[in-house]
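What follows is each chain in one-letter form.
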Amino acid sequence: MRVLRLGDTGIEVRELQQLLARAGWQGKVDGWFGEATELAVRAAQQRYGLVVDGIAGPKTFDALKAGQRPPKLLTMQDLQIAADALGVPLASVQAVNEVESRGKGFLPDSRPVILFERHIMYRQLRAAGRDADALAQRYPAIINPARGGYAGGATEHMRLGQASGIDVDCALASASWGAFQIMGFHWASLGYGSVQDFASDMRESEGHQLQAFVRFILADTAQHKALKARKWADFARGYNGPAYKENLYDVKLARAYDRYAKVPA
């Protein structure tokens, strides 16, 4: 299901409006995501304790269908705590959450979203004194000097499980975790006691995943400075690498910030 926002039209918008009507909305079910629908989405997000942004994604749909906030989801309080810790406006964190997160930190089976990086596993094994080249010959899909081999979704946990059978700490360190894609090998610089402590924390909630992002930014002076100054190109370059221009991450961040800054929290 695509993410719906102001100006969208179609069958999915009509489904959203029908769910809103079932929850008590008195607006017109016409398949057009106008201002009335946006206000209704914001009201529903407020009621269910979700992030209030007026954008209807899977979390909003899930809450409307269930009549309650599914567990582990990010809340406005989580965003405000992050903004306070970073010393930035709430709108800045809202913009980063919209543009830089994967939108959802957990799979439908409640396991955290991960992406296992086989080239990082290769490096971690070498750093641990293991014969990474020999292991790469035996298990090229999960240990390899070259990046790739991604399967996505729940299958990434299968790859992580296979790698854990070789070396659990190296495996956990070789995956990016949660909505904000924080690599496990950062565990020490982020103040966790071990990579297993980090992975356990990422399994708790999206709020915990956001706190890992906060730690990540606070540990990087340049990134923190760029975020505080709202130098979106510098922030996007540091967070996404050179490809940020191709994906217009800086433009998206600036537009999202401007939009959130105009809406009372």
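As a starting point, this report considers the structure included with it.

The rules behind the values
- Residues numbered from 1 in each chain as written.
- Predicted model: local features only at pLDDT ≥ 70, side-chain atom pairs only at ≥ 80, totals over all residues.
- Heavy atoms only, no water.
- Helix = DSSP H or I, 4+ residues; strand = E, 2+ residues; numbered from the N terminus.
- Pairing = 2+ DSSP bridges.
- Contact = heavy atoms within 4.5 Å.
- Axes fitted to C-alpha atoms, helices over the stretch in contact; angles between N-to-C directions.
- Phe/Tyr/Trp six-rings, centres within 6.5 Å; stacked < 30°, edge-to-face > 60°.
- Lys NZ or Arg CZ within 6 Å of the ring centre and 35° of its normal.
- Buried < 20%, exposed > 50% of the residue type's maximum accessible area, 1.4 Å probe, protein only.
- Polar contact = N/O pair within 3.5 Å; in protein donor to acceptor, adjacent residues only side chain to side chain.
- Parallel < 35°, antiparallel > 145°, perpendicular 65-115°, else oblique.
- Left-handed = near helix turned anticlockwise from the far one by under 90°.

1. Describing the environment of glycine 161
Alright, step 1. With respect to the secondary-structure elements, glycine 161 resides in helix α8 (residues 155-164).
Alright, step 2. Distance from glycine 161 to alanine 171, taken between C-alpha atoms, is 8.1 Å for residues ten residues apart in sequence.

2. A few points about the sheet that holds strand β2 (residues 175-177)
Alright, step 1. Taken in spatial order, the three strands line up as β1-β2-β3 in an open sheet, and their pairing is antiparallel. Of all strands in the sheet, those with a lone pairing partner are β1 (114-116) and β3 (182-183), marking the two edges.
Alright, step 2. Inspection of the sheet shows β2 paired to β3 by two bridges, in the antiparallel sense. Counted as the bridge partner of serine 176 is methionine 183 from β3.
Alright, step 3. Contacts from α8 reach β1 and β2 within the one sheet, and its direction differs from that of β1 by about 50 degrees.

3. Describing the packing of aromatic side chains
Alright, step 1. Under the criterion given, the structure shown has seven aromatic pairs.
Alright, step 2. Through a chain of ring-to-ring contacts, three or more aromatic side chains come together here, namely Phe180, Phe213, Phe216, Phe235 and Tyr239.
Alright, step 3. Cation over ring: arginine 215 sits above tyrosine 192, and NZ or CZ is 4.2 Å from the ring centre.
Alright, step 4. Arginine 259 extends its terminal NZ or CZ atom over the ring of tyrosine 260, reaching a point 5.2 Å from the ring centre.

4. Some thoughts on the environment of leucine 6
Alright, step 1. By the element assignment, leucine 6 lies in the segment before α1 (11-22).
Alright, step 2. Classification of leucine 6 as partly exposed rests on a relative accessible area of 44%.
Alright, step 3. Sequence separation between leucine 6 and leucine 39 is 33 residues; the distance between their C-alpha atoms is 10.0 Å.
Alright, step 4. Beyond its immediate stretch of four places on either side in the chain, leucine 6 contacts Phe33, Gly34, Glu35 and Glu38.

5. Observations concerning the side chain of glutamate 206
Alright, step 1. Among the structural elements, glutamate 206 can be located in helix α11 (residues 206-218).
Alright, step 2. On the accessibility criterion, glutamate 206 (2% relative accessible area) is buried.
Alright, step 3. Among the polar contacts listed, one links the side chain of glutamate 206 to the side chain of lysine 59, at a separation of 2.7 Å.
Alright, step 4. In terms of polar contacts, glutamate 206 uses its side chain to reach the backbone amide nitrogen of leucine 74, at 2.7 Å.
Alright, step 5. Once you skip the residues sitting within four places of it in the chain, glutamate 206 turns out to touch Lys59, Lys72, Leu73, Leu74, Lys104, Gly105 and Phe106.

6. Remarks on the packing of helix α5 (residues 90-100) against helix α13 (residues 232-240)
Alright, step 1. At a minimum axis distance of 13 Å, the contact between α5 and α13 shows a crossing angle of 45 degrees. The angle between α5 and α13 places the two elements in the oblique class. For the crossing formed where α5 meets α13, the hand is right-handed. Across the interface between the two elements, Ser92, Val96 and Glu100 of α5 pack against Trp232, Phe235, Ala236, Tyr239 and Asn240 of α13.

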